[in-house]
Amino acid sequence: GNSVTQMEGPVTLSEEAFLTINCTYTATGYPSLFWYVQYPGEGLQLLLKATKADDKGSNKGFEATYRKETTSFHLEKGSVQVSDSAVYFCALSDRRGSQGNLIFGKGTKLSVKP
Amino acid sequence: GAGVSQSPSNKVTEKGKDVELRCDPISGHTALYWYRQSLGQGLEFLIYFQGNSAPDKSGLPSDRFSAERTGGSVSTLTIQRTQQEDSAVYLCASRKTGDGGYGYTFGSGTRLTVV
């Protein structure tokens, strides 16, 4: 079945450091890929998305490129801030069964220190 | 409303009791999802409602779990005879149909603790 695997955390970085959170997926067909973010005490929010191969999603300085050849969607940011501390979830849309249902990775907790 | 509203935000219950969790989706969003977020396990799909169609219950972990959606709007997730392993954050999300699989809006969740 479809699945998402992302690097386990927690990840601790200093402010202005470079961030990479790895995400790989297994899917039949051509899923859409997403990164969601959950700030402390808040609900999940869509951070960025990509709907086809080679698309690059970007938002708030974060980027991720849909790589079909490596089945990856790694999240990157060039210079993290304390306010980026959150849990990040990689997800894909599963169009079998529950149409548009999201399948999530286990989440990666990021802590950014000043 | 402006967002997806879930209640209660926290619930502590004794093992063996029944609990009801409520989700009020965004007005006009025809699709509604329930997920469970357990520590170290990520988000687990539970059930999906789409308009007046029969719900997709394929993610419900046992027959102690059920959900309904009245009038295509508010949804209630019921857990009967709660067990300690049911302790988790239960998230509800809604979206418009036909938005390509994105455009989900999540509620802040209900943290359920079974003691």
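Structure first, text after, so check above.
Each chain has its residues counted from 1, following the order in which its sequence is written. The order in which chains are written sets their letters, starting at A; the order in which ligands are written sets their numbers, starting at 1. Residue-level local features of this predicted model are given only where pLDDT is at least 70; pairs of side-chain atoms are given and counted only at 80 or more, and the full residue set underlies all totals for whole chains, interfaces and linings. Remark: hydrogens and water are excluded; side-chain values derive from all non-hydrogen atoms of the structure.

Undergrad: Teacher, can you tell me more about the environment of methionine 7 of chain A here?
TA: All names here are of chain A. Every helix listed is a DSSP run of H or I at least four residues long, and every strand listed is a run of E at least two residues long, numbered separately from the N terminus. By the element assignment, methionine 7 lies in the loop between strand S1 (3-6) and strand S2 (11-14). By relative accessible area, methionine 7 is classed as partly exposed at 28%. Residues methionine 7 and histidine 74 lie 67 residues apart in sequence; the distance between their C-alpha atoms is 9.7 Å. Each residue touching methionine 7, except ones within four places of it in the same chain, is listed here: Thr20, Ile21, Asn22, Gly107 and Thr108. Only protein chains enter the accessibility calculation, which uses a 1.4 Å probe; a residue is then buried when its area is under 20% of its type maximum, exposed when over 50%, and partly exposed in between. A contact between two residues is defined here by any heavy atoms of the two lying within 4.5 Å.

Undergrad: Would you mind going over the sheet that holds strand S3 (residues 19-21) of chain A with me for this structure?
TA: Strand pairing in a sheet relies on backbone hydrogen bonds. The paired strands run either parallel or antiparallel. Residues and elements named next belong to chain A. DSSP-based pairing: two strands are paired if at least 2 bridges between them are found. Spatially, S3-S9-S8-S7 is the arrangement adopted by the 4 strands of the open sheet, whose pairing is antiparallel. The open sheet is flanked by S3 and strand S7 (56-59), the only strands paired with a single partner. Here the average twist between neighbouring strands, direction ignored, is 15 degrees. Judged from the 3 bridges that link them, strand S8 (residues 62-65) and strand S9 (residues 75-77) form a sheet pairing that is antiparallel. Among the inter-strand pairings, phenylalanine 62 is bridged to a residue of S9, identified as lysine 77. Only the stretch in contact is used when fitting a helix axis, every axis being a line fitted to C-alpha atoms; angles between N-to-C directions are given from 0 to 180 degrees.

Undergrad: Looking at this structure, how should I read the state of the cysteines?
TA: In a disulfide, the sulfur atoms of two cysteines are covalently bonded to one another. Only a pair of cysteine sulfur atoms within 2.5 Å counts as a disulfide in this structure description. Tallying each qualifying case throughout the model produces 2 disulfides over all chains. Paired by a disulfide, cysteine 23 of chain A and cysteine 90 of chain A hold their sulfur atoms 1.9 Å apart. Linking cysteine 23 of chain A and cysteine 90 of chain A, the disulfide has an S-S dihedral of approximately -70 degrees and is accordingly described as left-handed. Here cysteine 90 of chain A lies in strand S10 (residues 86-94) and cysteine 23 of chain A lies in strand S4 (residues 23-26), a separation of 67 residues in the sequence. Relative accessible area serves as the criterion here: at 1%, cysteine 90 of chain A is assigned to the buried category. Disulfide partner of cysteine 23 of chain B: cysteine 92 of chain B, at an S-S distance of 1.9 Å. Between cysteine 23 of chain B and cysteine 92 of chain B, the disulfide has an S-S torsion of -65 degrees and is therefore left-handed.

Undergrad: Is there a simple way to think about the pattern of salt bridges in this case?
TA: Pairing of side chains with opposite charge becomes possible as their charged atoms draw close. Salt bridge, as applied in this entry: a Lys or Arg side-chain nitrogen positioned within 4 Å of an Asp or Glu carboxyl oxygen. This structure, assessed with the given rule, holds 6 salt bridges over all chains. Aspartate 84 of chain A is paired through a salt bridge with lysine 77 of chain A; the nearest N and O atoms lie 2.8 Å apart. Residue lysine 77 of chain A is classed as buried on the basis of its relative accessible area, which comes to 10%. Two residues, arginine 22 of chain B and aspartate 24 of chain B, come together in a salt bridge whose shortest N-O distance is 3.9 Å. The class for aspartate 24 of chain B is partly exposed, based on a relative accessible area of 28%.

Undergrad: What's the story with unusual backbone geometry in this structure? I'm lost.
TA: The omega torsion of the bond from glycine 9 of chain A to proline 10 of chain A falls at 0 degrees, within 30 degrees of zero and hence cis. Relative to the helices and strands, proline 10 of chain A resides in the loop between S1 and S2.

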